[in-house]
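Coordinate inspection notes
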Amino acid sequence: MMRSLQSIPRSWLYVILIVLLAWPLIKPIGIKLDISDETRRCYEAIESLEPGSVVVFGFDYSAGNKAEMEPQALAVLRHLLRRNVKVIGLAFVEQGPILGEQAFQKTGWTEKQYGVDYINLGYRAGGQGTVAAFANDIPGTFNTDISGKPSTSFPIMEGIKTAADIDLIVTIAPGTPGPEDYVRQVFSSYQTPLVCGVPAVAITQVAPYVQAKQIKGILGGSPAAAQYELLIEQPGDAVAAMDAQSLAHLLIVAVIILRNIGYLAEKKASNNTANPSGRGTHS
Amino acid sequence: MSTSLGVWVAGLMTIAIVSLVWKENPYYRVAEHLYVGVSAGHAVVMAFNNIRDSAVKPLMAGNYLWIVPIVLGVMLYARYFKQIAWYSRFPVSVLVGIGMGVATRGAIHGDFVQQISATIRVGSLNDVLLLLFTIASLSYFFFSREAKGAAGAIPRAGRCVLMIAFGAAFGTTVMGRMALLIGRIQFVLGEFLGIM
């Protein structure tokens, strides 16, 4: 019986996992959520912005990681909308502009005046080199908006030349170009405050930059998105997902324990088969 | 249930992709190939728009310097023709040179100077631990002389620190993958089936 724990079919585990994830989404449990210092620092960086400040928002994620990154982007955009600041959206990832458009729509930014309160400057290729070019010449690097109109023809771009003219940069980026590139090419030269959203797996990679005060705060994975939704008092999909996340982790821990019990039982049984008398083999 | 064709396509594709966890099947294969194809197609269109907006439009507006990167870009394709393949080395060398220059300049200040100065600035217990763990981890990669006896304890401690860091990274990777699955389940149950 115990030995069979070793051979639970993988497909059954996946089915149990999917059911376990779906159940709290339909019937939320409401597991308590604490707010981390990192998330609070991001919140405070945006809360301290004066109305009319200019924020660059990097939609540097794609469809493959949208599920983890978009809740962060939506929560921060909702907060920015409440702060009455101006948002310049841009992307160093191909799929960023279209996901940025969706995010602007979902958060109500599209009810504001395009080109005055917010703009989507689209995508520019080139990775870290283009991030450096952006820092030194924003209208030159992003010379058109997403629809191909000259970026300088929009009132929001008046007085915007370099990263020094930006009050805060927010980048939601699961990979490269990402926070590290902004630190190396923008913060190092212009000291423009930077806040970033990264997937859970990248937290340890970006944390040293927060320690060194090169980044003001990081949102790490879906828990940070949920915490941010609570901070802005607009609980959404991320908060709903946290119950499912907790149950999934419990399942993983349970399966690890069960499989180890099965492993030990199998080891004991094979020892008994090899040495039925239970005596040692030493002479 | 949604009445939008786009949501139906996305919902069915999500179910087709997730069906792999049960077993390999043709629906999964179709969805997988569609995803790769659509992503590649989108990337090509975005790259075309990028060249049009960043280079061709300024060139047409009279900024003739843009002819240089355009010509260098075209030269990259010379590698597909044996006799003139060596032409492609020029743009590659420019790309590597500029890339190295930009990256090194940023890395020296952002990754070395500021990181080291932040690590050695000790003001709290956390800072002390950070400094000790950094030294221990770095010592693990010091291969010039074998650390024996008491000195060997430092790289051994460094290995433990690295293992803790890898464990944390693995744990957060699992959390990240769960978040992706939860996102798709939310979409299927919410936007697609409307039962959430």
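The rules behind these values
Residues numbered from 1 in each chain as written. Chains lettered and ligands numbered in written order. Predicted model: local features only at pLDDT ≥ 70, side-chain atom pairs only at ≥ 80, totals over all residues. Helix = DSSP H or I, 4+ residues; strand = E, 2+ residues; numbered from the N terminus. Rg over C-alpha atoms; globule rule 2.2 N^0.38 Å. Buried ≥ 20, exposed ≤ 12 C-beta atoms within 10 Å, placed from the backbone. pLDDT = per-residue confidence, 0-100. Axes fitted to C-alpha atoms, helices over the stretch in contact; angles between N-to-C directions. Left-handed = near helix turned anticlockwise from the far one by under 90°. Contact = placed C-beta atoms within 7 Å. Nonpolar A, V, L, I, M, F, W, Y, C, P; charged D, E, K, R; others polar.

**Comments concerning the overall build of chain B**
For chain B, the count of helices and strands is six helices and zero strands. Secondary structure elements of chain B occur, N-terminal to C-terminal, as α-α-α-α-α-α. Taken over C-alpha atoms, the radius of gyration comes to 27 Å for chain B, far larger than the 16 Å a tight globule of 196 residues would show. Principal axes of the C-alpha set define a box for chain B whose edges measure 65 × 60 × 35 Å. The 196 residues of chain B split such that 11% are buried.

**Examining the confidence of the model for chain B**
Confidence in the prediction for chain B averages 90 pLDDT; 100% of positions are at 70 or higher. In the model output, the complex is listed with pTM 0.86 alongside ipTM 0.82.

**Re the packing of helix α1 (residues 5–18) of chain B against helix α2 (residues 26–60) of chain B**
How two helices sit against one another is set out by the angle between their axes and by the gap between those axes. All names here are of chain B. Put simply, α1 and α2 touch, their axes get as near as 8 Å, and they point 115° apart. Crossing geometry of α1 relative to α2 is assigned as left-handed. Between α1, through Met13, Ala16 and Ile17, and α2, the contact on the second element is made entirely by Tyr27, Tyr28, Val30, Ala31, Glu32 and Leu34. Residues that form the contact of α1 with α2 fall into these classes: eight nonpolar, no polar and one charged.

**Some remarks on unusual backbone geometry**
Residue and element names in this part refer to chain A. The step from threonine 176 to proline 177 runs through a cis peptide bond, and the omega angle for that step is -10°. A positive phi angle, close to 55°, is found at glutamine 191, a residue other than glycine. Within the secondary structure, glutamine 191 sits in the loop between α7 (179–190) and β5 (194–198). On the neighbour-count criterion, glutamine 191 (11 C-beta atoms within 10 Å) is exposed. Even without a glycine there, the phi angle at glutamate 233 is positive, about 55°. With respect to the helices and strands, the residue glutamate 233 is situated in the loop between α9 (221–231) and α10 (237–274). Given 7 C-beta atoms within 10 Å, glutamate 233 falls into the exposed group.

**Quick notes on the environment of Arg259(A)**
Residues and elements named next belong to chain A. Relative to the assigned elements, arginine 259 resides in helix α10. By the C-beta count within 10 Å, which is 15 here, arginine 259 ends up partly exposed. As for arginine 259 and isoleucine 31, which are separated by 228 residues in sequence, their C-alpha atoms are 27 Å apart. In this structure, arginine 259 is in contact with Leu5 and Gln6, ignoring residues within four places of it in sequence.

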